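# A look at the structure
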Amino acid sequence: MFHNSKILITGGTGSIGSEILRQLLIYNPKVIRVFSRDESKQFELQQELGEFCNIRYLVGDIRDKERLIYATKDVDIIFHAAALKHVPSCEYNPFEAVKTNVIGVQNVIEAAIINNVKKVVSISTDKVVNPINTMGATKLLSERLILAAELYKGSAPTTFSCVRFGNVMGSRGSIIPLIKKQIQNNLPITITDKRMTRFMMSIPQAAKLVLNAAQMSKGGEIFVLKMPVIKIIDLVEVLIEDYLKKFNNREISEIVEIGPRPGEKLYEELMTIEESERAIENEKMYIIFSHLGERDNWHIPNGYTKAENKAYSSQNAKTLSKDEIYMLLEREGLLF
């Protein structure tokens, strides 16, 4: 479906957006429009991918509906990756989060409907499940806007769906680059709570899930990848052990427990019990159908069965051992 298509990626210079771009290039689309507000990152991406003549770099903000409508002309597929994603930043600047994560998403929806875009796949987060912070609340609203658009789009051919992520390993501002920097610079190694657990996925895994969702979606679904769960303290200790093994003459600062940051949870959830009642699964993924849709309209792909009636949470999931974490980091090139 991507071959010879016209594709727009909002937030296309971010960790996820740029990986979606790299994976799409394999399919030789007619054009990929990289839409973001950071011209410096666009320049860096141009240097990396200068050999490809089917990429267009558009400076713009999803808060600007007029600019977005213009950028979406003749587009077949939109991958919506632009967002304010850092929990503390959104907590201290809540209306900025609303302007990007809520109003910005509505602008994407309206631009897609106006221009008869065929598919919109919006990237969401585990923070939307039972949200206790601004980022989670605004992203939950963005999910609800996307699912509702499926009902009020009228005669527009657009299908709308969402993809829910856990923590993306190695993405900008995530925990692994932060901990590695603290270790290398002999700074206090800070964790918020030794009991904390998180879902983890790699950047390529995240991008592949988005492409799979685009291929499978019929409208109104939320796609959730089944992913490993780790204890954050185990992750930190694996990184310390790897550093000491490779640089055994270096000193390491102590691990300091600083307490949860504003709006931070001890564990994350990717699906509630209520959502599991309208979900299907296979060995790799859950598909949650819209709470607004009719059960008779569910499209169940081959190989999927009714999901078990339980929440999908990092609190009660089996966690990886330290050896398994080491192998995971080694496979993804995230060790020292």
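Coordinates for the structure precede this section.
Residues numbered from 1 in each chain as written. Predicted model: local features only at pLDDT ≥ 70, side-chain atom pairs only at ≥ 80, totals over all residues. Heavy atoms only, no water.

## A closer look at the packing of helix H1 (residues 15–25) against helix H8 (residues 203–216)
The interhelical angle for the contact between H1 and H8, taken along N-to-C directions, is 65°, at an axis separation of 9 Å. One finds that H1 runs roughly perpendicular with respect to H8. The handedness of the crossing between H1 and H8 comes out as right-handed. Across from Ser-15, Ile-16, Glu-19, Ile-20, Gln-23 and Leu-24 in H1, the residues of H8 making contact are Ile-203, Pro-204, Ala-206, Ala-207, Lys-208, Val-210 and Leu-211. A breakdown of the residues in the contact of H1 with H8 according to their chemical character gives nine nonpolar, two polar and two charged. (Axes fitted to C-alpha atoms, helices over the stretch in contact; angles between N-to-C directions. Helix = DSSP H or I, 4+ residues; strand = E, 2+ residues; numbered from the N terminus. Parallel < 35°, antiparallel > 145°, perpendicular 65-115°, else oblique. Left-handed = near helix turned anticlockwise from the far one by under 90°. Contact = heavy atoms within 4.5 Å. Nonpolar A, V, L, I, M, F, W, Y, C, P; charged D, E, K, R; others polar.)

## As for the pairing of strand S6 (residues 159–165)
Counting buried residues in S6 gives seven out of seven residues, a clear majority hidden from the surface. Of the two faces of S6, the one holding Thr-159, Ser-161, Val-163 and Phe-165 and the one holding Phe-160, Cys-162 and Arg-164 are both buried throughout. Two strands pair when backbone bridges link them, and strand S5 (residues 119–125) and S6 are joined in this way by seven bridges, in the parallel orientation. Its bridge partner lying in S6, Ile-123 is registered against Val-163. In the classification by handedness, the crossover that spans S5, the intervening helix H6 (residues 134–152) and the parallel S6 is right-handed. For S6 and strand S10 (residues 221–225), the ladder comprises three bridges, and the chain directions are parallel. (Buried < 20%, exposed > 50% of the residue type's maximum accessible area, 1.4 Å probe, protein only. Pairing = 2+ DSSP bridges. Right-handed = clockwise from strand over helix to strand, strands pointing away.)

## Things to note about helix H5 (residues 94–114)
An ideal rise of 1.5 Å per residue puts 30 Å on 21 residues; H5 measures up with 29 Å between its terminal C-alpha atoms. In H5, a bend of some 30° at Gly-104 exceeds every other bend along the element. Taken together, the buried positions of H5 are occupied by Ala-97, Thr-100, Asn-101, Val-102, Gly-104, Val-105, Gln-106, Asn-107, Val-108, Ile-109, Ala-111 and Ala-112. Elements that come into contact with the buried residues of H5 comprise helix H3 (65–71), strand S4 (77–80), helix H4 (87–92), S5, H6 and S6. Note on H5: the residue one or two positions beyond its end, Asn-116, has a positive phi of about 55°. (Expected span 1.5 Å × (residues − 1). Bend = angle between axes of the 7 residues up to and from the residue.)

## Overview of the side chain of Ser-124
Note that Ser-124 resides in strand S5. Sequence-distant contacts of Ser-124, defined by excluding residues within four places in its chain, comprise Lys-139, Glu-143, Val-163, Arg-164 and Phe-165.

## With respect to the sheet that holds strand S11 (residues 229–231)
In space, the three strands of this open sheet follow the order S7-S9-S11, with mixed pairing throughout. The sheet terminates laterally at strand S7 (167–169) and S11, the two strands that pair on one side only. Ignoring which end each strand starts from, the neighbouring axes of this sheet average 50° apart. Pairing geometry for strand S9 (residues 197–202) and S11, over three bridges, is antiparallel.

## Focus on the pattern of salt bridges
All chains considered together, the criterion is met by 23 salt bridges. For Arg-164, the salt bridge identified is with Glu-275, shortest N-O distance 2.7 Å. Placement of the pair is Arg-164 in strand S6 and Glu-275 in helix H10 (residues 273–276), with a sequence separation of 111 residues. Exposure class is identical for Arg-164 and Glu-275. Each is buried. Among the charged side chains, a network of salt bridges with common partners joins Asp-126, Lys-127, Arg-198 and Glu-268. (Salt bridge = Lys/Arg side-chain N within 4 Å of Asp/Glu carboxyl O.)

## Observations regarding the packing of aromatic side chains
Applying the stated criterion across every chain yields a total of seven aromatic pairs. Where Phe-199 meets Tyr-312, the ring centres are 4.8 Å apart and the plane angle is 55°; that geometry is what we call tilted. Residue Phe-199 is located in strand S9, and its partner Tyr-312 is located in strand S17 (residues 312–313); the two are separated by 113 residues in the primary sequence. Judged by relative accessible area, which is 0%, Phe-199 ranks as buried. Pairing Phe-289 with Trp-298 gives two aromatic rings, centres 4.6 Å apart and planes at 15°, and the pair type is stacked. Pair check on accessibility: Phe-289 and Trp-298 agree, each one buried. Taken together, the ring pairs in this structure connect Phe-2, Tyr-27 and Phe-79 into an aromatic cluster. When the ring centre of Phe-336 is taken as origin, the NZ or CZ atom of Lys-180, which lies over that ring, is 5.4 Å away. (Phe/Tyr/Trp six-rings, centres within 6.5 Å; stacked < 30°, edge-to-face > 60°. Lys NZ or Arg CZ within 6 Å of the ring centre and 35° of its normal.)

## Considering the nonpolar core
Grouped together as the largest cluster of nonpolar side chains are 72 residues, with contacts concentrated most on Ile-20, Leu-21, Leu-24, Phe-79 and Phe-165. Here the element with the most residues in this core is H8; it accounts for eight residues. Apart from residues no more than four positions distant in its own chain, Phe-165 is found in contact with Ile-16, Ile-123, Ser-124, Thr-125, Asp-126, Met-201, Ala-206, Leu-209, Val-210 and Leu-270. Counting residues in hydrophobic clusters, the runner-up holds 23 residues, among them Ile-189, Ile-232, Leu-328 and Leu-335. (Core = buried A, V, L, I, M, F, W, Y, C linked by side-chain atoms within 4.5 Å.)

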